[in-house]
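Each chain, letter by letter, is given below.
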Amino acid sequence: MKKLALLTLGFFIIFSINAQDKRLKNVEKELNKILEITNTAGFAVAVIEGDKIIYAKGFGYSDYENKTPVDANTLFAIGSSTKAFTSSILGLLRADDKLSFDDRPRQYVPKLEFFNDHMNNTIIIKDLMTHSTGLPRHDGSWYYFPSHDKDSLLMRLKHHEPFTGIRQQWNYNNYGFLAQGVIAEHITGKSWEDNLKDHFFTPLEMSRTNTSIAEMKSSSNASIGYEIKDDVIKKMDYYDIAGMSPAGSINSSVNDMSKWLMTWINDGTYKGEEIIPSNYINEALSSQMVVSGNTPDDKFPDIHFSNYGYGWFLQSYKGHYRVDHGGNIDGFSANVAFFPSDSIGIVVLANQNGSSVPTLVRNTIADRMLAEERTDWISRYKENIEKGKKAEAEVKEDAETSNVKNTKPSHISLDYAGSYSNEGYGTFKIISKNDSLFTALNENKMYLNHYHYDIFELTEIIEGRVDTTSFGESVKISFVTNDSGDISAAKIQIEPALDAISFKRTPNAVDVDTKTLEMYTGQYDISGTEIKVYLKKKVLYLFVKGQPEYEQIPTAKHKFQFKSLEGFKIEFLESEDGSINEIKMIQPHGTFVAKRK
């Protein structure tokens, strides 16, 4: 009897969610058309009104190859739709008098430093919440050089150059949300992940929601991510966002995310219990920073403003106040939106990379739920796709025009090999193999295709083959030569708002046995100046009185480079009998020879 009651209850829940609201009559026809026209593997959508889910359904496949259907409980990565969760933790801490949004971040994370003293002394927590620090995105810093240690990742901010003044211009920055997560960790003594579970996932009964790729992989009914390449749906590997998790690592379903939206629609309460303080809700949904200052135009006549609250974008939509945040991470796209004055919420999760599906589905359903004139969003999408293809062709043509043919690199391939480092980003290595150059960014293998002069293209290697289709369109890497004629750095245009980011080169060290290193040790003289060469822990050092000791990096037979000085090298000269009696000192301002004493 008990078992029968549970089955009946389960049937009632499914029926109530899928029962057709008259406003959504025949909406599946439009949603299936969106699935088809965008060539998407699958998506799920839920519609909330007040404190009820009035519609929840999956379309297409969570596993395209095995034709596993999407449903309302299928897990998707929600990307930056995570941000409202992170800022809300700070809202709870403020309600408990644990912090003020006007406090400086360094008050809670003393080791945190920004690019200069003005930023250190001026940036407040609210600036982190509203993307108003003056920093550009610097996304390459965490995307290509991930770290699971949130604190060490945050320390890179010291080396991130701003592009404008504090609070002068809104600019999206994921590091601001990492900082919020770390601040909460330092105050509570608990991880960001545990703060989410304790304050939101558990009380909101979001039982399927998690915060890591490991949990995603071990979950049942979890979607695979996909991308479109040459009009073909192709599987993508999950991207582990690692320490940047407070900016976008949540994986959830539309059923679970509906409970999150209900809380916001109902002034911070869920099933009569306060989850988020109402005064924080009001602030978070109010304009804290102007995103765009444009007035309505012919293309979007119903968008009257574009602002930002705390982890939420704010706009008007056909006269209705809309709050939303999108999300994009490898293989997945999302949009979580609600209309607070109308008590309507819509969440759309898709397994397509950089997809328009969440926006198309959200707008299609919003027109119906708000009883507004229905826009032909599919036709607009087709028009935008055609414009995009035309623009892409023009960019490719421009790239071909700018390419100077029949030029050669200034050095042999081996001279470009080495480790390249930037303190605000990370380190990558370039190796020379069969007279070709290769590297890896976040374990993604890449081939350096020569473009012209000392400029190469970072080109992906897919399934063991170089992606030649991207030649002329890939990110460029430009090598810099110092006064000694050596390759000293590489510059990559990895942050669009700034000049190319420079990575200092350190040559790849060769293995030299201790017996050989001992051959070089001793005292040498150059015009009365004594030079000492000695070993410490199997590492060769050079010392001149009145100067620091200089660690030497072996680069070839008898050849070394100063680890700390750019353009300074030494070569030990071998006599006919095989002994070492001289050092050639190669410096930017000349070459000198010192003789063994």
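Please read all numbers here as calculations on a predicted model, not as lab measurements. Each chain has its residues counted from 1, following the order in which its sequence is written. Reporting in this predicted model follows two pLDDT cut-offs: at least 70 for local features of residues, and 80 or more for side-chain atom pairs to be given and counted; totals over whole chains, interfaces and linings ignore these cut-offs and use all residues. By convention in this description, side-chain values take in all heavy atoms of the structure and omit both hydrogens and water.

A. Geometry of the overall build of the protein. Under the DSSP-based scheme used, a helix requires at least four consecutive residues in state H or I and a strand at least two consecutive residues in state E, with every element numbered from the N terminus. Looking only at helices and strands, the protein features 15 helices and 32 strands. For the C-alpha atoms alone, the extent of the protein along its principal axes is close to 95 × 60 × 55 Å. Burial classes follow relative accessibility: with a 1.4 Å probe on protein chains only, a residue under 20% of its type's maximum area counts as buried, one over 50% as exposed, and anything between as partly exposed. Per-residue burial for the protein yields a buried fraction of 49% across its 597 residues. Taking the contacts inside the protein whose residues are at least 6 apart along the sequence as the reference set, 57% of them involve residues at least 24 apart. Per-residue accessibility takes into account occlusion by the displayed protein chains alone, with areas from the Shrake-Rupley method and a 1.4 Å probe. With an accessible surface of roughly 28,700 Å², the protein has 49% of that area assigned to carbon and sulfur atoms. Here the protein holds 67 positive side-chain charges and 80 negative ones, and the gap between their average locations is 3 Å. For this analysis, residues touch if any pair of their heavy atoms sits within 4.5 Å. For the purpose of counting charges, residues Lys and Arg are taken to be positive, whereas Asp and Glu are taken to be negative. His and the chain ends are not included. Positions of charges follow a simple convention, taking NZ of Lys, CZ of Arg, CG of Asp or CD of Glu.

B. Looking closely at the confidence of the model for the protein. Residue-level confidence of the predictor is what pLDDT reports, using numbers from 0 through 100. In the predicted model, the protein carries a mean pLDDT of 92, and the fraction of residues at 70 or more is 94%. Within the model, the stretch residues 1-17 combines pLDDT values under 50 with seven contacts to residues more than four positions away or in other chains.

C. Representation of the sheet that holds strand S14 (residues 332-339) within the structure. Strand pairing requires that DSSP identify at least two bridges connecting the strands. Read from one edge of the open sheet, nine strands run S3-S2-S1-S15-S14-S13-S12-S11-S10, paired in antiparallel fashion. Two strands in the sheet have a free side with no partner beyond their single neighbour: strand S3 (68-69) and strand S10 (289-292). Here eight bridges tie strand S1 (residues 42-49) to strand S2 (residues 52-63), and the two strands are oriented antiparallel to one another. Within S2, the residue paired with Val45 across the bridge is Lys57.

D. Highlighting the sheet that holds strand S31 (residues 580-587). Read around the closed barrel, the eight strands follow the order S25-S26-S27-S28-S29-S30-S31-S32; overall the barrel is antiparallel. Between one strand axis and the next, the sheet turns through 35 degrees on average, direction left out of account. Sheet topology note: the strand S26 (residues 529-536)/strand S27 (residues 539-544) ladder contains six bridges and is antiparallel. Bridge pairing in S27 places Val533 opposite Leu542. Only the stretch in contact is used when a helix axis is fitted, and all axes are lines through C-alpha atoms; the angle between N-to-C directions ranges over 0 to 180 degrees.

E. How the structure looks around helix H13 (residues 357-369). For H13, built from 13 residues, the straight-helix expectation of 18 Å at 1.5 Å per residue is met to within 8% by its first-to-last C-alpha distance of 18 Å. In terms of burial, H13 is a largely internal element, twelve of the 13 residues being buried. Taken residue by residue, H13 has Val357, Pro358, Leu360, Val361, Arg362, Asn363, Thr364, Ile365, Ala366, Asp367, Arg368 and Met369 as its buried positions. Between the first and last residue of a helix there are one fewer steps than residues, each counted as 1.5 Å, and that sum is the expected span.

F. Structural detail: helix H11 (residues 254-265). When the terminal C-alpha atoms of H11 are compared, their 16 Å separation across twelve residues agrees well with the 16 Å that a helix rising 1.5 Å per residue should span. In terms of burial, H11 is largely enclosed, as twelve of its twelve residues are buried. Buried within H11 are the following residues: Val254, Asn255, Asp256, Met257, Ser258, Lys259, Trp260, Leu261, Met262, Thr263, Trp264 and Ile265. Looking one or two residues beyond H11, the residue adopting positive phi is Asp267, at roughly 60 degrees.

G. Examining the pairing of strand S29 (residues 559-562) more closely. In terms of strand pairing, strand S28 (residues 550-556) meets S29 through four bridges, oriented antiparallel. Looking at the pairing, Ile553 lines up with Gln561 of S29. Where S28 folds back onto S29 in an antiparallel hairpin, the turn is made up of two residues, including His558, whose phi is positive at roughly 70 degrees. Once S29 ends, the chain turns through six residues before running back antiparallel as strand S30 (residues 569-574), passing Gly567 with a positive phi of about 85 degrees.

H. Expanded view of empty space enclosed by the protein. We place a 1 Å grid over just the protein atoms. Points where a 1.4 Å probe fits but has no way out form a cavity, open points with protein on both sides within 12 Å along at least 5 of 7 lines form a pocket, and any residue with an atom within 4 Å of a point lines it. Grid points are joined across faces, edges and corners, and a volume is the space filled by probe spheres set on the points. Summed over all chains, the structure comprises one cavity of 30 Å³ or more. By volume, the largest cavity is sized at about 110 Å³. If you go around the largest cavity, you meet 14 residues; those closest to its centre are Arg505, Gln561, Leu565, Glu566 and Gly567. Among the secondary structure elements, those contributing two or more residues to the lining of the largest cavity are strand S23 (487-492), strand S24 (501-506) and S29. Sorting elements by how many residues they give to the lining of the largest cavity places S24 first, with three residues. Looking at side-chain class alone, the lining of the largest cavity contains four nonpolar, five polar and five charged residues. Following the grouping adopted for this structure description, the nonpolar residues are Ala, Val, Leu, Ile, Met, Phe, Trp, Tyr, Cys and Pro, the charged ones are Asp, Glu, Lys and Arg, and the polar ones are all others, Gly among them.

I. Local environment of the pattern of salt bridges. A carboxyl oxygen of Asp or Glu within 4 Å of a side-chain nitrogen of Lys or Arg is what we treat as a salt bridge. On inspection of all chains with the given rule, the structure shows 25 salt bridges. Of the charged contacts in the structure, one is a salt bridge between Glu49 and Arg23, with a shortest N-O distance of 2.6 Å. Of this pair, Glu49 sits in strand S1 while Arg23 sits in the loop between helix H1 (2-18) and helix H2 (27-37), and the two are 26 residues apart along the sequence. Relative accessible area serves as the criterion here: at 25%, Arg23 is assigned to the partly exposed category. Connected through salt bridges with shared partners, the residues Asp21, Arg23 and Glu49 form a single ionic network.

J. Here's a closer look at unusual backbone geometry. Although it is not a glycine, Asn434 sits at a positive phi angle of roughly 55 degrees. Following the sequence through the fold, Asn434 ends up in the loop between strand S17 (426-433) and strand S18 (436-441). Residue Asn434 is classed as exposed on the basis of its relative accessible area, which comes to 72%.

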